[in-house]
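Analysis of the macromolecular model
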Amino acid sequence: RALPGGCSRIFARQRCDRDPGVCSSNNNNSGSGSSGREAQLSSDMATVSPQKPGCNLTIESTTAGQLRVRVNGVFHDVKCKDPLMSLAEYLRTILQHCGTKLMCGEGGCGCCVVVVEYDDPLRPEKRIESINSCLCPIGSLLSLKNHNVTTIEALGSVKKGLHPIQQRLADSNGSQCGYCSPGFVMQMYGLLKNDANPSLQEVEDNFDGNVCRCTGYRPILDAMKSFVKDSSNWQKGFFVDIEDIKPCSKTMKLCKRGHLKIDGRCTGAAMNTAGLLFSSKEIKWYQPGSLTDLYLLLREHCEEAVKLVHGDTAKGVFKKDGPYKVFIDVKGIPDLYVVTMEPSGLKVSSNVSLNSLIDYLRQYSAQSPSYNVIASHLLKIANSPVRNAGGWAGNLMMRWKHREFVSDVFVVFEAAGARVTVSDVSDVNTYNLVDFLNVNMQGKFLLCVEIPKLTKGESMRSYKVMPRNQNAHTYVSAAFRAKIIVSNKKQLVQSISMVYTGINKDFIHAAATEKFLGGKDLISNDTLQGALAILDKELVPDDADPLLASAAYRKILAQGLFYKFYLSLLSDDIISPRNRSARYSLERPVSTGNQTYSSKPEEYPLTKPMPKLSARLQTSGEAQYIDDLPLLPNELFTAFVLSTEGNATLTDINSTAAMTMPGAVAVLTAEDIPGSNTFMPPPNVVEEIFSSGPILYAGQPVAMCVADSQEHALQMVEKVVVTYQDQKPPIVSLDDAIKQKSFHPSPGPWIQVGDAVSAVSNSPCKVDGEIRAGEQYHFYMETQICRCVPTEDGLNIQASSQWLTLLQEAVADAVGIQAKNINVTVKRLGGAYGGKATRANLVACAAAVAATVLHRPVRCKMDLSTNMKAIGKRHGYAVKYKVGFNKDGTLNGIIITYYCNSGSSPNDNEVEESLIFSDNAYKCENWQLIPVALKTNRAPHTWCRAPGSKPNIFVIETVLEHVAKFLSMDPIIVKQKNLYAQGDRTPMGFVLPYCSIRNLYASQLTKVDVAGRMETIKKFNADNLWKKKGLAVVPLKYCMYWSWGCYLCTVSVFASDGSVIISHGGIESGQGLNTKVAQVCAYMLGIPMDTVFIKPTTTDSSPNSAATGGSITSELNCMGVQICCEILKQRMKPVKDKLPPSTSWKDLVAACYQAKVNLTAQDWVWPDPRPEGAPQYNSYGVAVAEAEVDVLTGENQITQVDILFDCGESMNPDVDVGQVEGAFIMGMGYWLMEKMVYDPKTGAVLNAGTWEYKPPFSKCIPVSFNIELLKDAPNPMGVLRSKACGEPPQCMSCVTLFAVKRAIEAARKDTGQDTYFPLHGPATVDVVQTSCLVDYKNFTI
């Protein structure tokens, strides 16, 4: 949506609801890539003005003298910088402080967090706040008196010593790919700067704005909880005095400067605070120091587009805000920070941030119980860094400007009876919130709000139901306030306020229901049902926006929230015991976890639990990723132009306007490609770098803008005009593809074992059904990126790729030169999960084309929105099955047809290859497995962690669940009856020689007391009508094939000191590959770990290597290094035998060198296939999950997960446990949260950003998360007796969905609907609730 941003106060022309520049409802927010929190809540302020072309600031004049910002204690003059430049961009590009990462640009991922300290505007103390630097304009820092920005670089470094936060995060194995680590460190630093002794709950609450895709969060939380001094449950250690308080040399007031030892004077007040700081042809930037100055500026610019700036967080939601001519930074106005407790209520000025407001509400909570209610509700808005910067007033102005904006501030303020004061140069008026929405704000701004106290007999409650329990905007929020009079044993409603958001843009009060309830007795069921019936008529939810949950869900949810409030007004003795649970929302305790494993000290460093080698570099922010590379002379930046149509023909690309933009260099199209226009080399199907005409999906690259900066390239994209012809309805859904028989060529033959058709037909029992598994965005924190540098003989490429050989080949074809002239290097990836195996070729080929054509270095980086639109996701499935079985639940025959959505290209098809996982751990004599690859107008889908195996295992688990329901048996028992035994043959034709699943399954059921817990759950469900619990068990057999992997490994020993370097063909992406390789080398050669160093992977040192993926890369490269070490030991043996036994390694190496021994060994690892198509080995595991569901809302939490996983003899238990946890949580997100949404008309991705796409956060993980690596289970078929662990555990994550399903079944049983139903993935909150079959007519007292 092209919607201007949120404002805390506004000076505007008259708002027109239908002005396309004001409230366009064309749902184009997918293009703006919205943010992930309800309140990009900004304390920004905006005028209403028509959309105008973007501008680039060229400073013509500024105030006299310097304009300085202070970063890590050092002053920097920003006099000639664009005040709108984000702090993140300034830190990274100008100051080269690249420890601060950048990913979403929306305040939704947390990797850009920094800490800002400045003088409190009203008190002689410092304010210390963590903020999202991607949302903070540098101009906005200038009004913060004596400010200092602290980045990760100031805390510590590997060479100078790490800060305790950095050290503990590394030691806890809380950093895998490392891209998110600086953000977590800085967020914790901000907490400790404000409270050196936080509670466990405060620590856990602190990370509501930080995403980690790798670790599963548990080790991160453990590291941070170690700073809780008063807890015996967490590790003790060295506690730093975070608050090293010293008097300021200038003001002699206390300055909380921590350990930074900042030199130099305080900044003092910014110069000319009332004046003009920046001026150009395009914009003016002011910094008033008083209300009078503000009034005068508003009057002076009454005819211009004015934006008042405070937090500026709204642009995370409404990215196409503006343009504005005048910016007025109001943070330097002390009067706008005043908060007073008046006799009538709490009066809060408009510069007060949300987090500050929460603190004030808690401070004065004794004055009114409603203040705690409001504070708790506000804590659910956005995340801590956004709430630090954004304010209540900006949130209200977002609602004023955009009626569809779901403002939680508006809901709780309106329900509380708050009144806002609007001011201009000549007048001051006060309004209730509803009337405020219709105020003409021209020349006016929000001055303050007064939140009244509750009167005697009044009660207030509020509710917010979200797709995720942290950092998400609401499905429906509601707040209720009622005054009750007790008379003659009746509880009479004297007054009631019922306020909602999320129903439709105009629905605020349930006025008719409020009127009905006046004077009614709450104790009567007739009152309850009468109110619900009227509310049912009043609630008319919008149902046109595909991004919204269904109208049916939002309607029953709104009724359920009213029911919760209604019962909260009554005492326990009035409410039926089974109904009492309706009153309460799910409460999440502080999470815990246990990790159980064994190691062999006699084999150390092999089997030793230790952090990744690069963990300390990552937690200190020193680990370098591609976008952290220093700029080269004349380096250029790019941005893709994407198609907006999903099935059409490209006719013209007009770049005239784009080339007039500042910094523009070129707009490249298919005609500019010197070689082949495909990023997938033969024999793959062609996938064009830039479309030459055919448009296969919305989001397909059609051109690329090249400029002197990333921002300029993105601005160019907005000016490129693309025209189409022959537009046709795209095939978007699986159902459309099946109906139209839109298939890719057959991916492979059916699998036929026995006679499945007859077996099913002749079985005494049979069922059939359909189950679906959706798509999943990889959500690697480092988006697709590549840098290409022309050299005298070709190109040097720094790539974020899992498959260098394929990328090298693709680039060579695209630019028309030989592979020998393409040198590709990868040091580390900021996450990948399969998404950078083939898809990384697109950015590499595009960058190579630009570098070749323009003869300059080119950096090609996708912003998050582009990445989510142009790059495919995990394949989606619709699966149909028939199964025949006996009355005891044993299987006779299974027929399954897998409809797999491959998108517009079959290149990364997985459906046929993944049939090897179709049986999971279950024996059946007769199988018919049919793979079908669907062709749709979507970005070609690609491999994603556990590709194919995860949905396939979910399918067979669903089949067993269906069988159990048909027989009225416990699924746990039915699964146990059908488990493989040693010596059984699988449908793939191979025998299971080391099958332990039966023993593992039985052992785990006993160990975690499944039977006892099931009895407890049964009683809980009988006692509670509106809260339900469920427990599920999923076993695992995972086939591990080695024969597709090939890698060149080289081990070289330096004669001078005996140190060792290793190069191999794998890519370090956070999985601990390099660490395990170093452990194997050190173990094999008997040398210390610090003697070994792993070099970056290159096509020079490891040519022709296969992709890193499939969980086998660590194993095979460890095998290659093991063999290299054996070779070296054999070469060195004759020399060693002649030396004394006490000879050191260094001296042995020197002697070997003198004896002309070759101290470099290589091994080309490429295992042969095993007989009968058997895997190298199978991994086994069992997962048990318990869930609790709020039936009225669909909210749910996984209260406990216990995983037993056979990892063989783990090379590094720390790393392997981290892989198990991270894989499981990523899978849990897939099954319960992450939903891709497409425009049904164009196929465009609608949720291309953190505002709508919701991966798991730290409070989404199981409350109790317990991992056990099977002890005493050496793998005779593995490398040094180990097994892989990167992907198999993810396949057990569907146990969380089945646990939720058990709870839903209990709810349905209460309604009389105790029959089988499919629960498709993802089972989001709205799906869970509607599956419970809630009917308001069943609401009783």
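Keep in mind it's a predicted model, so treat the numbers as computed, not measured.

This part is about unusual backbone geometry. With an omega dihedral of 10 degrees, the bond running from Tyr-604 to Pro-605 counts as a cis peptide bond. Residue position: Pro-605 is located in the loop between β21 (592-596) and α19 (615-619). Non-glycine residue Gln-96 carries a positive phi angle of around 60 degrees. With respect to the helices and strands, the residue Gln-96 is situated in the loop between α3 (87-94) and β4 (113-119).

With that settled, consider the pattern of salt bridges. Between side chains of opposite charge, a pair can form when the charged atoms approach closely. One pass over the full model with this rule turns up 58 salt bridges. In this structure, Arg-772 and Asp-735 form a salt bridge, with 2.5 Å as the shortest nitrogen-oxygen distance. With a gap of 37 residues between them, Arg-772 in strand β29 (residues 765-773) and Asp-735 in helix α21 (residues 734-739) connect regions that are remote in the sequence. With a relative accessible area of 23%, Arg-772 lands in the partly exposed category. Under the relative-accessibility criterion, Asp-735 is labelled partly exposed at 39%. Lys-1037 is paired through a salt bridge with Asp-919; the nearest N and O atoms lie 3.5 Å apart. A residue pair is termed long-range when its members are at least 10 positions apart, and Lys-1037 in strand β37 (residues 1027-1040) and Asp-919 in the loop between β35 (891-901) and β36 (926-934) qualify at 118 residues.

A separate point is the packing of aromatic side chains. A full pass over the atoms with the stated rule returns 31 aromatic pairs. Between Tyr-475 and Tyr-553, the aromatic rings sit 5.3 Å apart at their centres with planes inclined by 85 degrees, giving edge-to-face as the arrangement. In this pair, Tyr-475 sits in the loop between β18 (458-465) and β19 (476-487) while Tyr-553 sits in helix α18 (residues 551-568), placing the two residues 78 residues apart along the sequence. Among the aromatic side chains, those forming a connected cluster through ring pairs are Tyr-463, Phe-480, Tyr-500, Phe-507, Phe-562, Phe-565 and Tyr-566. Taking the ring centre of Tyr-179 as reference, the NZ or CZ of Lys-101 above it sits at 6.0 Å. Directly above the aromatic system of Tyr-625 lies the positively charged group of Arg-828, at a separation of 5.8 Å from the ring centroid.

Tracing the chain through its elements places Lys-836 in the loop between β32 (822-826) and α24 (840-854). There is a polar contact of 2.7 Å between the side chain of Lys-836 and the backbone oxygen of Glu-782. Apart from residues no more than four positions distant in its own chain, Lys-836 is found in contact with Tyr-780, Glu-782, Thr-783, Gln-784, Ser-800, Ser-801, Gln-802, Trp-803, Gly-830 and Gly-831.

Attention shifts here to the sheet that holds β29. Across the sheet, which stays open at both edges, the five strands sit in the order β28-β36-β35-β34-β29 with mixed pairing between neighbours. Edge positions in the open sheet fall to β28 (751-753) and β29, since each of these has one partner strand only. The average angle at which neighbouring strand axes cross in this sheet is 10 degrees, direction not considered. In this fold helix α26 (residues 949-967) packs onto β29, β34 (876-885), β35 and β36, with an angle of close to 140 degrees to the strand it touches most, β29.

What follows deals with the packing of helix α10 (residues 354-363) against helix α11 (residues 369-378). It is at 8 Å that the axes of α10 and α11 come closest, and there the two elements cross at 155 degrees. If you check the angle between α10 and α11, you find them roughly antiparallel. Considering only the axes of α10 and α11, their crossing is left-handed. Of the residues in α11, those in contact with Leu-354, Leu-357, Ile-358, Leu-361 and Arg-362 of α10 are Tyr-371, Asn-372, Ile-374, Ala-375 and Leu-378. Residues belonging to the contact of α10 with α11 are distributed by class as follows: eight nonpolar, one polar and one charged.

Bringing the side chain of Glu-414 into the picture now. Along the chain, the position of Glu-414 falls in helix α14 (residues 408-416). Although Glu-414 lies buried, it forms no salt bridge, and the closest oppositely charged side chain, Arg-481, sits 7.0 Å away as judged by the N-O distance. Ignoring sequence-local partners within four residues, the contact set of Glu-414 consists of Leu-433, Val-434, Ser-497, Val-499, Ile-508 and His-509.

Turning our attention to the packing of helix α31 (residues 1113-1138) against helix α32 (residues 1145-1154). Put simply, α31 and α32 touch, their axes get as near as 9 Å, and they point 105 degrees apart. Regarding the angle of α31 to α32, the classification is roughly perpendicular. From α31, Met-1132, Val-1135 and Lys-1136 reach across to α32, where they touch Trp-1145, Leu-1148, Val-1149, Ala-1151 and Cys-1152. Counted by class, the contact of α31 with α32 contains seven nonpolar, no polar and one charged residues.

Considering the arrangement of structural elements, one finds Thr-215 in the loop between α7 (200-205) and α8 (218-225). What Thr-215 contacts, discounting residues up to four positions off in sequence, is Gly-174, Ser-175, Gln-176, Ile-220, Gly-1218, Glu-1221 and Gly-1222. Side-chain polar atoms of Thr-215 contact the backbone nitrogen of Tyr-217, separated by 2.9 Å.

Formed by 296 residues in total, the largest nonpolar core has its most connected members in Tyr-500 and Phe-562. Per element, the largest residue contribution to this core is 11 residues, and it comes from α24. Among the nonpolar cores identified, the runner-up in size contains 49 residues, and Tyr-371, Ala-418, Met-441 and Ala-479 belong to it.

Bringing the pairing of β18 into the picture now. Burial within β18 is extensive, with six of its eight residues counted as buried. In terms of strand pairing, β18 meets β19 through eight bridges, oriented antiparallel. Directly across from Val-465, in β19, lies its bridge partner Val-476.

The next point concerns the pairing of strand β23 (residues 648-654). The pairing of β23 with strand β25 (residues 694-695) spans two bridges and is antiparallel. Counterpart to Ala-648 in the pairing with β25 is Ile-695. Where β23 and strand β27 (residues 721-725) come together, five bridges link them in antiparallel fashion. Residue pairing for β27: Asn-654 is matched across the bridge by Val-721.

What follows concerns the sheet that holds β32. Taken in spatial order, the eight strands make up an open sheet running β24-β26-β22-β33-β30-β31-β32-β41, and their pairing is mixed. At either end of the open sheet lies a strand with only one pairing partner, and these are β24 (664-668) and β41 (1097-1098). Note: strand β31 (residues 795-799) against β32, four bridges, orientation parallel. The residue bridging Gln-798 from the neighbouring strand is Thr-825, located in β32. Against the sheet, helix α20 (residues 710-717) touches β22 (636-642), β24, β26 (701-707) and β33 (858-861), its axis set at about 25 degrees to β22. Relative to strand β30 (residues 785-790), α24 is tilted by about 25 degrees, and along the sheet it contacts β22, β24, β26, β30, β31 and β33.

With respect to the helices, strands and loops of the structure, Lys-193 is situated in helix α6 (residues 181-194). The spacing of Lys-193 and Thr-649 is 456 residues in sequence and 57 Å in space, taken between C-alpha atoms.

Looking at the chain as a whole, the pLDDT averages 92, with 92% of positions reaching at least 70. A low-confidence stretch, residues 1-64 (pLDDT under 50), is modelled with 325 contacts involving residues beyond four sequence positions or located in other chains. Here residues 233-273 is a poorly scored stretch, pLDDT under 50, and it has 103 contacts once near neighbours within four places are set aside; other chains count.

A word on the environment of Gln-1200. Here Gln-1200 lies in strand β44 (residues 1196-1205). Sequence-wise, Gln-1200 and Val-1263 are 63 residues apart; in three dimensions their C-alpha atoms are separated by 5.8 Å. Setting aside residues up to four positions removed in sequence, Gln-1200 forms contacts with Arg-1013, Val-1184, Ala-1185, Glu-1186, Pro-1262, Ser-1264 and Asn-1266. Separated by 2.8 Å, the side chains of Gln-1200 and Asp-1202 make a polar contact.

Conventions and cut-offs
- Residues numbered from 1 in each chain as written.
- Predicted model: local features only at pLDDT ≥ 70, side-chain atom pairs only at ≥ 80, totals over all residues.
- Heavy atoms only, no water.
- Helix = DSSP H or I, 4+ residues; strand = E, 2+ residues; numbered from the N terminus.
- Salt bridge = Lys/Arg side-chain N within 4 Å of Asp/Glu carboxyl O.
- Buried < 20%, exposed > 50% of the residue type's maximum accessible area, 1.4 Å probe, protein only.
- Phe/Tyr/Trp six-rings, centres within 6.5 Å; stacked < 30°, edge-to-face > 60°.
- Lys NZ or Arg CZ within 6 Å of the ring centre and 35° of its normal.
- Polar contact = N/O pair within 3.5 Å; in protein donor to acceptor, adjacent residues only side chain to side chain.
- Contact = heavy atoms within 4.5 Å.
- Pairing = 2+ DSSP bridges.
- Axes fitted to C-alpha atoms, helices over the stretch in contact; angles between N-to-C directions.
- Parallel < 35°, antiparallel > 145°, perpendicular 65-115°, else oblique.
- Left-handed = near helix turned anticlockwise from the far one by under 90°.
- Nonpolar A, V, L, I, M, F, W, Y, C, P; charged D, E, K, R; others polar.
- Lys, Arg positive; Asp, Glu negative; His and termini not counted.
- Core = buried A, V, L, I, M, F, W, Y, C linked by side-chain atoms within 4.5 Å.
- pLDDT = per-residue confidence, 0-100.

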